[in-house]
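Each chain, letter by letter, is given below.
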Amino acid sequence: MTRQRLRVLTLLALLGLLVWLADLSYGSAVEDEDYYMQELLTRDQDNQVQTLEKPVAPNRREHPSQNSGKKVAKGKSESSRQTDKTPADEKAVKAANKKTEKTKKSNLKAPNSIPEADGQFSSVKEECPPMGLETLKIDDFQLHASTIKRYGLGAHRGRLNIQAGLYEDDLYDGAWCAGRDDLLQWFEVDARRLTKFTGVITQGRSSLWSSDWVTSYKVMVSNDSHTWITLKNGSEDMIFTGNREKEIPVRNVFPVPLVARYIRVNPFSWFPIGSICMRVEILGCPMPDPNNYYHRRNEVITTDDLDFRHHSYKEMRQLMKVVNEMCPNITRIYNIGKSHSGLKLYAIEISDNPGEHEAGEPEFRYTAGSHGNEVLGRELLLLLMQFMCLEYLSGNQRVRHLVEETRIHLLPSVNPDGYEKAFEAGSELSGWSLGRWSNEGIDIHHNFPDLNSILWEAEAKKWIPRKMFNNHVPIPEWYLSKNASVSVALETRALIAWMEKIPFVLGGNLQGGELVVTFPYDKTRSQGVTREPTPTPDDHVFRWLAFSYASTHRLMTDANRRVCHTEDFAKEDGTINGAAWHTAAGSLNDFSYLHTNCFELSMYVGCDKFPHESELPEEWENNRESLLVFMEQVHRGIKGVVRDLQGRPIANASISVEGISHDIRTAADGDYWRLLNPGEYRVTARAEGYSLSTKKCEVGYEMGATRCDFVIGRTNLSRIKEIMEKFNKQPIRFPVRRLQAQRSRERRLGTS
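The rules behind the values
- Residues numbered from 1 in each chain as written.
- Predicted model: local features only at pLDDT ≥ 70, side-chain atom pairs only at ≥ 80, totals over all residues.
- Heavy atoms only, no water.
- Helix = DSSP H or I, 4+ residues; strand = E, 2+ residues; numbered from the N terminus.
- Buried < 20%, exposed > 50% of the residue type's maximum accessible area, 1.4 Å probe, protein only.
- Areas by Shrake-Rupley, 256 points an atom, 1.4 Å probe, with all protein chains shown as cover.
- Patch = residues over 30% accessible without salt bridge, like charges linked within 9 Å, V, L, I, M, F, W, Y side chains within 5 Å.
- Salt bridge = Lys/Arg side-chain N within 4 Å of Asp/Glu carboxyl O.
- Lys, Arg positive; Asp, Glu negative; His and termini not counted.
- Charge placed at Lys NZ, Arg CZ, Asp CG, Glu CD.
- Core = buried A, V, L, I, M, F, W, Y, C linked by side-chain atoms within 4.5 Å.
- Pairing = 2+ DSSP bridges.
- Contact = heavy atoms within 4.5 Å.
- Axes fitted to C-alpha atoms, helices over the stretch in contact; angles between N-to-C directions.
- Parallel < 35°, antiparallel > 145°, perpendicular 65-115°, else oblique.
- Nonpolar A, V, L, I, M, F, W, Y, C, P; charged D, E, K, R; others polar.
- Polar contact = N/O pair within 3.5 Å; in protein donor to acceptor, adjacent residues only side chain to side chain.
- Phe/Tyr/Trp six-rings, centres within 6.5 Å; stacked < 30°, edge-to-face > 60°.
- Lys NZ or Arg CZ within 6 Å of the ring centre and 35° of its normal.
- Disulfide = S-S within 2.5 Å.

### Some details on the overall build of the chain
Next up, step 1: For the chain, the count of helices and strands is 18 helices and 26 strands.
Next up, step 2: Expressed as a percentage of the 752 residues in the chain, the buried residues total 53%.
Next up, step 3: With the model as given, the accessible surface of the chain reaches about 35,400 Å², and the carbon-plus-sulfur share is 52%.

### Here we look at a positive patch on the surface
Next up, step 1: A cluster of basic side chains, namely Lys-314, Arg-317, Lys-321, Lys-338 and Lys-344, defines a positive patch on the protein surface.
Next up, step 2: Here the positive patch gets three residues from one element, more than from any other, and that element is helix H6 (residues 313-326).
Next up, step 3: Relative to the helices and strands, Arg-317 resides in helix H6.
Next up, step 4: On the basis of relative accessibility, which here comes to 38%, the residue Arg-317 falls in the partly exposed class.

### Brief notes about the nonpolar core
Next up, step 1: Counting residues in hydrophobic clusters, the biggest one holds 91 residues, and the most contacted among them are Tyr-366, Leu-384, Met-388 and Leu-601.
Next up, step 2: Top contributing element to this core by residue count: helix H7 (residues 375-394), with eleven residues.

### Notes on the pairing of strand E22 (residues 671-674)
One face of the sheet, then the other: side chains in a regular strand alternate in exactly this way.
Next up, step 1: Burial of E22 is two-sided: the residues Asp-671 and Trp-673 facing one way and the residues Tyr-672 and Arg-674 facing the other way are all buried.
Next up, step 2: Strand direction decides the pairing type here: strand E19 (residues 638-643) and E22, joined by four bridges, are antiparallel. Across the sheet, residue Val-641 finds its bridge partner in E22, namely Asp-671.

### Side note on the pairing of E19
Next up, step 1: Where E19 and strand E25 (residues 706-707) come together, two bridges link them in parallel fashion. The residue of E25 that forms the bridge with Lys-639 is Arg-707.

### Describing the environment of Leu-183
Next up, step 1: With respect to the helices and strands, Leu-183 occurs in the loop between strand E2 (176-177) and strand E3 (187-203).
Next up, step 2: Setting aside residues no more than four positions away along its own chain, Leu-183 makes contact with Asn-266, Pro-267, Phe-268 and Trp-270.

### Description of the packing of helix H13 (residues 539-550) against helix H16 (residues 616-632)
Next up, step 1: The interhelical angle for the contact between H13 and H16, taken along N-to-C directions, is 150°, at an axis separation of 7 Å. In terms of their interaxial angle, H13 and H16 are classed as roughly antiparallel. Residue-level inspection shows Leu-545, Ser-548 and Tyr-549 of H13 in contact with H16, the latter providing Asn-623, Ser-626, Leu-627, Val-629 and Phe-630.
Next up, step 2: Class assignment of the residues belonging to the contact of H13 with H16 gives a composition of five nonpolar, three polar and no charged.

### What about the side chain of Lys-523?
Next up, step 1: Along the chain, Lys-523 turns up in the loop between strand E16 (514-519) and H13.
Next up, step 2: Among the polar contacts listed, one links the side chain of Lys-523 to the side chain of Asp-450, at a separation of 2.6 Å.
Next up, step 3: Each residue touching Lys-523, except ones within four places of it in the same chain, is listed here: Asp-450, Asn-452, Ser-453, Trp-456, Thr-534, Ala-579, Thr-583, Ala-584, Ala-585 and Asp-590.

### Re the pattern of salt bridges
Opposite charge on two side chains lets them pair, provided their charged atoms get close.
Next up, step 1: The tally for this structure, following the rule as stated, stands at 38 salt bridges.
Next up, step 2: A salt bridge links Arg-264 to Glu-188; the nearest nitrogen and oxygen atoms lie 2.8 Å apart. Pair noted here: Arg-264 is in strand E9 (residues 250-270) and Glu-188 is in strand E3, with a separation of 76 residues, a long-range link.
Next up, step 3: Salt bridges linked by common partners bring Arg-332, Glu-349, Glu-363 and Arg-407 together as one network.

### Digging into the sheet that holds strand E13 (residues 363-368)
Next up, step 1: With mixed pairing, eight strands are arranged side by side in an open sheet as E11-E12-E14-E13-E15-E18-E16-E17. Whereas interior strands pair on both sides, the edge strands pair on one side only; in this sheet they are strand E11 (331-338) and strand E17 (575-577). The mean inter-strand angle of the sheet, taken between neighbouring strand axes irrespective of direction, is 25°.
Next up, step 2: Note: E13 against strand E14 (residues 407-411), five bridges, orientation parallel. From the neighbouring strand, Phe-364 faces E14, where its bridge partner is Ile-408.
Next up, step 3: Along the sheet, helix H12 (residues 490-501) makes contact with E11, strand E12 (344-350), E13, E14 and strand E15 (504-511), crossing E11 at roughly 130°.
Next up, step 4: The strands that H16 touches are E13, E14, E15 and strand E18 (599-606); relative to E13, the one it contacts most, it runs at about 150°.

### As for the packing of aromatic side chains
Next up, step 1: Evaluated as defined, the whole model comprises 24 aromatic pairs.
Next up, step 2: Consider the rings of Trp-228 and Tyr-262, whose centres lie 6.3 Å apart with planes at 65°: the pair is edge-to-face. One end of the pair, Trp-228, is in the loop between strand E4 (214-222) and strand E5 (229-230); the other, Tyr-262, is in strand E9, and 34 residues separate them in sequence.
Next up, step 3: By way of ring pairs, the aromatic residues Trp-456, Tyr-521, Phe-542, Tyr-593 and Phe-599 are connected into one cluster.
Next up, step 4: For Arg-378, the ring lying beneath its charged end belongs to Tyr-419, and the centroid distance is 3.5 Å.

### Re the state of the cysteines
Next up, step 1: Throughout the structure, instances matching the rule amount to five disulfides.
Next up, step 2: Across a sulfur-sulfur distance of 1.8 Å, Cys-697 and Cys-708 are joined as a disulfide pair. Taken together, the residues span a long stretch of sequence, with Cys-697 in strand E24 (residues 693-699) and Cys-708 in the loop between E25 and strand E26 (710-711) at a distance of eleven residues. When sorted by exposure, Cys-697 lands in the same class as Cys-708, which is buried.
Next up, step 3: Disulfide partners in the chain, listed by the sequence order of the bonded cysteines, are 1-4, 2-3, 5-6, 7-8, 9-10.

### Let's talk about a nonpolar patch on the surface
Next up, step 1: Among the surface-exposed residues, Leu-166, Tyr-167, Leu-208 and Trp-209 lie close enough to one another that they form a single nonpolar patch of about 560 Å² accessible area.
Next up, step 2: Along the chain, Tyr-167 falls in the loop between strand E1 (143-145) and E2.

### A look at unusual backbone geometry
Note on backbone geometry: most residues besides glycine have negative phi, and most peptide bonds are trans.
Next up, step 1: In this structure, the amide linkage connecting Ile-464 to the following residue, Pro-465, adopts the cis form with an omega of 0°.
Next up, step 2: Considering the arrangement of structural elements, one finds Pro-465 in the loop between helix H10 (451-460) and helix H11 (477-480).
Next up, step 3: Following Pro-520, the chain continues into Tyr-521 via a peptide bond in cis, with omega recorded as -5°.
Next up, step 4: Relative to the helices and strands, Tyr-521 is located in the loop between E16 and H13.
Next up, step 5: The residue Ser-225 is not glycine, and still its phi comes out positive at about 65°.
Next up, step 6: Tracing the backbone shows Ser-225 in the loop between E4 and E5.
Next up, step 7: The phi angle at Lys-462 is positive, at roughly 60°, despite the residue not being glycine.
Next up, step 8: In this structure, Lys-462 sits in the loop between H10 and H11.
Next up, step 9: Overall, the relative accessible area of 68% leaves Lys-462 in the exposed class.

### Brief notes about the sheet that holds strand E20 (residues 654-657)
The strands making up a sheet are joined through hydrogen bonds of the backbone, oriented either antiparallel or parallel.
Next up, step 1: Spatially, four strands are ordered E21-E20-E23-E24 in an open sheet, and the strand pairing comes out antiparallel. A single partner strand is all that each edge strand has here, and the edge strands are strand E21 (660-665) and E24. Pairs of neighbouring strands in the sheet enclose a mean axial angle of 30°, with direction left out of account.
Next up, step 2: Summarising the sheet, E20 and strand E23 (residues 679-686) pair through four bridges and their orientation is antiparallel. From the neighbouring strand, Val-657 faces E23, where its bridge partner is Val-683.

Next up, the structure:
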């Protein structure tokens, strides 16, 4: 009996042990799955306050065009200066599928559940900035796709505003395109850390030959890239309205932010006679994670206390006024003219004696915004004027030396009309070209007279220097006529008058959409050729000036950086001759070199023409040192004053350097500046009515121009002319034979 009891007890104990082990193994299978990811999910619960409200019945949509995605897409026509606005009429929706609902009932969280979807919450009126597909913060290996049509249309090309080349090839096309056109295709972004996703921006394919775009899509998220949760509209998948054409960006903001590591865009419909092709930007905020070493290592932080935001025209004017009030002794605000809509083109001068040209002090200029949608250059100049004022007041010796030895002019917005259009649309919705041109539809940067053709024709006919000089090429009469007012912008005329009034020595115009510095010539010399190197006589100087900016930029010369669009300029040290890139007649750079003394270059300061405000501190760090270094190059070469024997300055005297077929001229005070690389040069000064003077001038490697003054005397012929004009007498000019015959006749009469 006792044995039977022991057997029964033993069997019961074994059964209990088996049940306990089964429960334990079941619980482990559920609770220990992806434990590390679950720990991250439960950490801080997004660090945000959400207001719990009564459950709201989800609105059912029968057609993609009627869903909440379309409501958000309307934002493309609204003012989106800041990307922190969501429609006020959005209602809370559930983002969990049946699997997560079942696990909630059992009080167990699935490893891929989305915290915001666990309860019924009101819509969070918050929108995160772009994650950086356009600005290249997101690396190529963070982008994945279901299939690709070919390498040049791979996931790495699915970046917002990426541009295809003129001739599409296997390397650089203008979008991600799926290998098949079906509902199983997707484009995926790996954030590499938990991220709060708040929206998606899409475009079609950049192409001159194809019309491809996605008209609607779904959004899915995951924490392990295996189990995916589709954003829901109640019990149905939420379908967002996509694009209606290939260039205008469309933004969709999620009703509720989603926290995950991976996000997918799943095309649901597309242009009927096109293919599945997309360019994408994801809006997302990285979740706080002090253990994320990768993020902290690559984070760029600025210590400058500046106004890092986008400024409207009115705000720009107010900021310039604030800088002027902070530093009244070294700044002056003035305008050079007006835009087509009547907005004044404001500039600020920074100098120890603002308002006056000091003999021996070179004039420098930075301009920006000739293409109104290339906003980064505009904001960099606004930051630069703040920086120089504050650093001057704090005693920064480098800045003080620049201010005291240079007259600096900053013109932040050449095309304010175009900027206002882009500003109204917003940084992500302005696309690639909105606001680029003036109100008259003119590209201001390429609206100058084509002096290259005039000079090259004169050289071919050997008119130089007999009939024409190799510098200060005159503007054609047709360009100055009233009939040309249709094709010549008011902004261009204002720039020309400004350039002729002030004896600028060096200038840079800031542009966007690339990372490269270009230098003249911008027009190819061979007719019909779209690109070929076309150097100026000062090519060696221009190459140094370009390299001085590119080499001190944080990214331009980085051989490991990804190309912005189609050209790998890092192989050329971040610089290129303008004509070798693409030919363009009538550019500001060529006009400045051929019509004035000023050497002008173009700095393309970022892949993103209109970066989000959150990117401005990093962009400032990328360009700050380059902006200062390039300004300092105005003090490289030779300088001096040309005077007559009485010590009076001679204006408009010509300064020529042996071996360089491009001369410069002296300013009103007889002073000049000639940019040259280190070396020994034979320099000649000449002026009409004066004898020429030649001397050797040596340029060293240290910063600071070499002093090289000239004293030239009047020629005998010019003295005679001066005396005759003084007494209102004109010299009698007889033909030689006639004069000899008259003299012989007088002799005969005298002897007879």
